[in-house]
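# Descriptive analysis of the structure
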Amino acid sequence: MSEPIPQKPPDDESDKLKIYFLPNLLTAGNLFCGFLALTKIVEADPASDDFIHVIHTALFLILLACIFDLFDGRVARMGGNESPFGREFDSLADIVSFGAAPAFLVHRIVLAGVFVEHPQLGWFIASVYLICGAFRLARFNCLAAMNSSASSKEFLGFPIPAAAGLVASLTLFLLWIEEKGFSQSKLRFALPVLLLFLSAMMVSEVKYPSFKSLDFRAKRSFTKMLIIVLCVGFFLILWENVLPVLAPLVFTAYLLYGFVRPHISRAWRREIEEEEDEPDSSN
């Protein structure tokens, strides 16, 4: 009597690797912008006439990567398409766009000129930011894996995209005020100090809201919608003069909010961090 042929066990859907197209496409856009920013920074020649223009391009690419990073996770949550693959891919993209690119940026603009006789010191300061950013991403992934069933509404430590956005936007602001003739001082030497401070903040225990509860699909009142449309139109018309000022203010406010947050009431926190439920007035 022949032995029965062993049956192949049915595929377990939970064991399959889930790769969702749109969220990962946005993450790929984040990584692509980070890579382009790196190439621009590396190719920028301080002795060239177009040095400032090349640096400007790199700054805009880092900020564009921030926008891609803002939407990839939100798109995944809106479609119920969150997956471990997406989380890991996002971290790999972040270490390039928000770790290596800002570190290279500050080194090329400031550190390379300060530590001419000891260039290894400049690279060391830049590497501290990169290493702390990698630690922060690794800690985030570990905590997410340990609490996979929970959807955290706050980050432990300053998020690396916000850190990169602050470095890039503040650099853009410093270049902007020099172009406008408001100041010819050496304010850019504050960037290495900021880089080290943000390095400590990324691996700190300070908690920041993730704003995951904000829902783009939620209904808005007429007044709120009008204000949003007017603000977007104002930004699109005057973005060249508004972005260098508005962007660093937004990222700085978020940085400082982590220190203020424990001292404000829960009602204020809920008002700032969570989406208000608009009453459904449809018939």
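First, a word on what this report is: a plain description of the structure on this page.

## Remarks on helix α6 (residues 190–202)
Spanning 13 residues, α6 covers 18 Å between terminal C-alpha atoms, matching the ideal 18 Å at 1.5 Å per step. Among the residues of α6, Leu191, Pro192, Leu194, Leu195, Leu198, Ser199, Met201 and Met202 are the ones counted as buried.

## Here we look at the state of the cysteines
One pass over the full model with this rule turns up zero disulfides. Here Cys33 stays free of any disulfide, with the sulfur of Cys66 as its closest cysteine sulfur at 9.8 Å. Overall, Cys33 belongs to the buried group, its relative accessible area being 4%.

## What about the pattern of salt bridges?
Applying the stated rule across the entire model yields three salt bridges. A salt bridge links Arg139 to Glu205; the nearest nitrogen and oxygen atoms lie 3.7 Å apart. Here the residue Arg139 occupies a position in helix α4 (residues 119–146), and Glu205 occupies one in the loop between α6 and β2 (207–209), the gap between them amounting to 66 residues. On the accessibility criterion, Arg139 (21% relative accessible area) is partly exposed. The class for Glu205 is exposed, based on a relative accessible area of 58%. We note a salt bridge from Glu154 to Lys207, for which the minimum N-O separation is 3.6 Å. With Glu154 in strand β1 (residues 154–156) and Lys207 in strand β2, this residue pair connects regions lying 53 residues apart in the sequence. The exposure class assigned to Glu154 is partly exposed, which follows from its relative accessible area of 28%. Classification of Lys207 as partly exposed rests on a relative accessible area of 43%. A network of salt bridges, in which partner residues are shared, links Glu154, Lys207 and Arg261.

## So, the nonpolar core
Counting residues in each nonpolar core, the largest one holds 56 residues, and the members touching the most others are Ile55, Leu105, Tyr129, Phe158 and Leu198. Taken together, the elements giving at least two residues each to this core come down to α1 (21–43), α2 (51–78), α3 (84–114), α4, α5 (160–179), α6 and α8 (239–260). Broken down by element, this core gets its largest block of residues, 12 residues, from α5. Those residues in contact with Leu105, other than ones at most four positions away along the chain, are Ile41, Ile55, Leu59, Ile62, Val167, Ala168 and Thr171.

## Section: the packing of aromatic side chains
Pairs of aromatic rings are described using the distance from one ring centre to the other and the angle between the two planes. Inspection of every chain in the model, using the stated rule, returns seven aromatic pairs. Measuring from centroid to centroid gives 5.6 Å for Phe104 and Trp123, while their planes differ by 70 degrees, and the two rings are edge-to-face. Taken together, the residues span a long stretch of sequence, with Phe104 in helix α3 and Trp123 in helix α4 at a distance of 19 residues. Since its relative accessible area comes to 41%, Trp123 is described here as partly exposed. Through successive ring pairs, a cluster of aromatic residues spans Phe158, Tyr208 and Tyr254.

Here is what the cut-offs are and how they apply
Residues numbered from 1 in each chain as written. Predicted model: local features only at pLDDT ≥ 70, side-chain atom pairs only at ≥ 80, totals over all residues. Heavy atoms only, no water. Helix = DSSP H or I, 4+ residues; strand = E, 2+ residues; numbered from the N terminus. Expected span 1.5 Å × (residues − 1). Buried < 20%, exposed > 50% of the residue type's maximum accessible area, 1.4 Å probe, protein only. Disulfide = S-S within 2.5 Å. Salt bridge = Lys/Arg side-chain N within 4 Å of Asp/Glu carboxyl O. Core = buried A, V, L, I, M, F, W, Y, C linked by side-chain atoms within 4.5 Å. Contact = heavy atoms within 4.5 Å. Phe/Tyr/Trp six-rings, centres within 6.5 Å; stacked < 30°, edge-to-face > 60°.

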